[in-house]
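Examining the three-dimensional arrangement
These are the residues of each chain, in order.
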Amino acid sequence: MKELLNISSNLVNSVNQDFKRFLYDEITWSERLIGIKGARGTGKTTLILQWLQNQDLPVEKAAYFSLDDLYFTTRSLLDTIDEFHNHGGEIVLLDEVHKYPGWSREIKNMYDRYPSLKIIFTGSSIINISRETADLSRRAIMYELPGLSFREYLAFKGILNKPPFTLPEIIEKSSNIFRIFPSGFKPLEYFSDYLSHGYYPFYNDNQDDYYQRLRQLTRLIVEFDMSELKGFDSRNSKKMLQLLSIISLQVPFKPNIKKLAERSSIHRNSMNSYLIYLEDARLIKMLYPSGSSIATLQKPEKIFLENTNMIYALAEGEPEKGNIRETFFYNQLSVSHNVKAPRKGDFEVNQKFLFEVGGRNKTQKQIAGIPNSYLALDDTESGYKNEIPLWLFGFLY
């Protein structure tokens with residue numbers, strides 16, 4: 001225990017408070033059981049350490065434990081928390097819970113056993129507490145942390161710090177919203193950098209190292225994190241990586257399940273499940289047709305890689321601009337909005353707004369005469385009427 005507390009103290013004392021993810025201000029920290037999930041590399045650990053540092057409590061009362069620590073290979077989590085609580089522990093942060101077998105059951109036991117203990121846990125985006133054997137869904141308040149928005153990237157780099165906009169604000173005020181930015185701010189100067197290497201907070205100045213790390217991260221998710229998914233056979237990791245490679249060369253595309261199965265050597269009957277596994281791991285995003293019938297939810301209209309950085313890291317050659325634009329739009333909007341594939345246009349948002357995504361010379365032809373329809377245009381700084389600059393959708397969170 002002493003060793004764990006020393007590690008906790010060192011980590012909490014060394015965390016930097018200069019930049020906080022948007023989720024920090026959205027979490028109801030007063031809840032007694034909080035779960036934060038998200039893909040590798042999005043900053044979950046830093047987020048909870050920042051919060052713990054701000055509590056200004058001695059480590060004996062508030063501590064951070066990572067469940068992938070070797071300590072937990074020979075000692076149970078529940079026994080560890082028993083000891084911590086019995087010696088005055090009041091707050092415990094449990095990181096990487098998916099690395100610990102039976103984590104949900106033991107957290108439930110901790111929650112029920114110690115009413116005065118506050119528990120905050122983090123895990124991979126693949127975890128789904130509603131599918132766990134222990135019923136945490138009625139107890140835990142769950143949040144998910146995506147990668148950096150364009151707005152957060154600018155703040156992270158020390159370029160600009162502005163609060164997010166709502167979607168109605170962007171739609172209604174796009175023509176003059178640019179006036180609230182500093183006069184010298186040139187969004188397009190930084191937008192292409194964000195699209196290629198700004199989504200994950202672990203970016204450094206060497207792009208080659210960044211893409212290599214992103215490819216390694218992808219492999220770790222497939223080979224290790226996915227083993228926690230019920231129904232996924234880890235012996236098929238190689239096939240999964242092959243499927244992801246095939247998708248990365250074609251996205252966004254309307255999937256042909258039969259052809260995908262043939263090219264990846266995955267049985268056709270298993271293909272839908274494998275695509276869902278990739279989406280649960282936040283490696284791809286599937287766009288379904290508008291409507292709410294069960295049939296439309298079974299087959300995606302298009303498949304995208306999860307974010308634009310992955311396109312640059314995984315695809316061969318120079319990525320196609322249309323792919324980058326649509327992936328960015330879908331990625332940023334889907335964090336807090338319902339996005340579907342309409343019959344006309346590229347994206348339907350919240351069953352109300354229709355968007356066509358393209359370059360600055362994109363015409364109104366495909367959305368002409370449709371109410372609440374808009375163009376999301378790349379390579380332009382400001383909007384005009386129903387034309388909205390694409391980069392502005394990166395200010396939604």
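This report concerns the structure included in the present document. (Residues numbered from 1 in each chain as written. Predicted model: local features only at pLDDT ≥ 70, side-chain atom pairs only at ≥ 80, totals over all residues. Heavy atoms only, no water.)

Some details on helix α1 (residues 2–14)
The terminal C-alpha atoms of α1 lie 18 Å apart, and with 13 residues this matches the ideal 18 Å at 1.5 Å per residue to within 8%. If you check which residues of α1 are buried, you get Leu-4, Leu-5, Ser-8 and Val-12. For α1, the arc enclosing every buried residue in end-on projection is 95°, short of the 170-degree limit, so these residues lie on one face. More than 90 degrees from the buried face of α1, the exposed residues found are Lys-2, Glu-3, Asn-10, Asn-13 and Ser-14. On its buried face, α1 sits against α2 (44–55), β2 (62–66) and α3 (77–86). (Helix = DSSP H or I, 4+ residues; strand = E, 2+ residues; numbered from the N terminus. Expected span 1.5 Å × (residues − 1). Buried < 20%, exposed > 50% of the residue type's maximum accessible area, 1.4 Å probe, protein only. Arc of directions from axis to C-beta. Contact = heavy atoms within 4.5 Å.)

Examining the sheet that holds strand β12 (residues 387–389)
Strand order in the open sheet made by the five strands is β8-β9-β10-β11-β12, with mixed pairing throughout. In the strand order of this sheet, the two ends are held by β8 (339–340) and β12, each with one partner. Bridge count for β8 against strand β9 (residues 347–349) is two bridges, and the pairing is antiparallel. Residue Val-339 lies in a different strand from β9, and its bridge partner there is Val-349. (Pairing = 2+ DSSP bridges.)

Quick look at the pattern of salt bridges
One pass over the full model with this rule turns up 15 salt bridges. Linking Asp-225 and Arg-40 is a salt bridge whose minimum nitrogen-to-oxygen distance equals 2.9 Å. Taken together, the residues span a long stretch of sequence, with Asp-225 in the loop between α8 (207–223) and α9 (237–248) and Arg-40 in the loop between β1 (33–38) and α2 at a distance of 185 residues. You can call Asp-225 buried: its relative accessible area is 2%. A salt bridge links Glu-90 to Lys-61, with the shortest nitrogen-to-oxygen separation between them at 3.3 Å. Here Glu-90, found in the loop between α3 and β3 (91–95), pairs with Lys-61, found in the loop between α2 and β2; they are 29 residues apart in sequence, far enough to count as distant. The exposure class assigned to Lys-61 is partly exposed, which follows from its relative accessible area of 32%. When salt bridges with common partners are traced through the structure, they connect Lys-321, Arg-325, Asp-378 and Asp-379 into a single cluster. (Salt bridge = Lys/Arg side-chain N within 4 Å of Asp/Glu carboxyl O.)

Notes on the nonpolar core
Of all hydrophobic cores here, the largest spans 128 residues; its most connected members are Phe-65, Leu-94, Ile-107 and Phe-393. The residues contacting Leu-94, other than those within four sequence positions of it, are Phe-65, Leu-67, Leu-77, Ile-81, Ile-107, Met-110, Ile-119, Ile-120, Phe-121 and Thr-122. (Core = buried A, V, L, I, M, F, W, Y, C linked by side-chain atoms within 4.5 Å.)

Describing the packing of aromatic side chains
Under the definition given, this model contains 37 aromatic pairs. Aromatic pair Trp-103 and Phe-121: ring centres 5.6 Å apart, planes at 50°, arrangement tilted. Remark: Phe-121 occurs in strand β4 (residues 118–124) and Trp-103 occurs in helix α4 (residues 103–113); sequence separation between them is 18 residues. Owing to a relative accessible area of 0%, Phe-121 belongs among the buried residues under this scheme. Here a set of aromatic residues connected by ring pairs shows up, and it is made of Phe-150, Tyr-153, Phe-165, Phe-181, Phe-185, Tyr-190, Phe-191, Tyr-194, Phe-328, Trp-391 and Phe-395. In this structure, Arg-32 is placed above the aromatic ring of Tyr-111, and the distance from its NZ or CZ to the ring centre is 3.7 Å. Its end group placed over the ring of Tyr-71, Arg-75 keeps NZ or CZ at 4.4 Å from the ring centre. (Phe/Tyr/Trp six-rings, centres within 6.5 Å; stacked < 30°, edge-to-face > 60°. Lys NZ or Arg CZ within 6 Å of the ring centre and 35° of its normal.)

A look at the side chain of Ser-66
Positionally, Ser-66 belongs in strand β2. Using a relative accessible area of 14% as the deciding quantity, one classes Ser-66 as buried. Within the structure, Ser-66 has its side chain in polar contact with the side chain of Asp-68 (distance 2.4 Å). Non-local contacts of Ser-66, meaning those with residues more than four positions away in its chain, are made with Phe-72, Asp-95 and Glu-96. (Polar contact = N/O pair within 3.5 Å; in protein donor to acceptor, adjacent residues only side chain to side chain.)

What about the packing of α3 against α4?
Close contact between α3 and α4 brings their axes to 9 Å; oriented N to C, the two are set at 25°. One finds that α3 runs roughly parallel with respect to α4. Relative to α4, α3 is oriented so that their crossing is right-handed. Note on element contacts: α4 touches α3 through Glu-106, Ile-107, Asn-109, Met-110 and Arg-113, opposite Leu-77, Leu-78, Ile-81 and Asp-82. (Axes fitted to C-alpha atoms, helices over the stretch in contact; angles between N-to-C directions. Parallel < 35°, antiparallel > 145°, perpendicular 65-115°, else oblique. Left-handed = near helix turned anticlockwise from the far one by under 90°.)

Concerning the sheet that holds β1
What the five strands build is an open sheet, ordered β2-β3-β4-β1-β5; its pairing is parallel. Pairing within the sheet leaves two strands with one partner each, and these edge strands are β2 and β5 (141–144). Along the sheet, successive strands turn relative to each other by an average axial angle of 15°, direction set aside. Where β1 lies against β5, four bridges are found, and the strand directions are parallel. Looking at the pairing, Ile-36 lines up with Tyr-143 of β5. Across the face of the sheet, α2 comes into contact with β1, β2, β3 and β4 while running at roughly 170° to β3.

Details of unusual backbone geometry
Here the phi dihedral of Asn-372 falls at roughly 55°; this positive angle occurs in a residue that is not glycine. Tracing the chain through its elements places Asn-372 in the loop between β10 (353–358) and β11 (373–377). The backbone of Lys-385 sits at a positive phi, close to 55°, despite the residue not being glycine. Here Lys-385 is to be found in the loop between β11 and β12. Judged by relative accessible area, which is 61%, Lys-385 ranks as exposed.

Here's the deal with the layout of surface pockets
What the largest pocket holds in volume is close to 530 Å³. Considering the residues around the largest pocket, the lining is formed by 26 residues, among which Gly-41, Thr-42, Gly-43, Lys-44 and Thr-46 are closest to the centre. Secondary structure elements with two or more residues in the lining of the largest pocket: α2, β4 and α8. Sorting elements by how many residues they give to the lining of the largest pocket places α2 first, with five residues. (1 Å grid on protein atoms, 1.4 Å probe; cavity = no way out; pocket = protein on both sides within 12 Å on 5 of 7 lines; lining within 4 Å. Points joined across faces, edges and corners; volume = space filled by probe spheres on them.)

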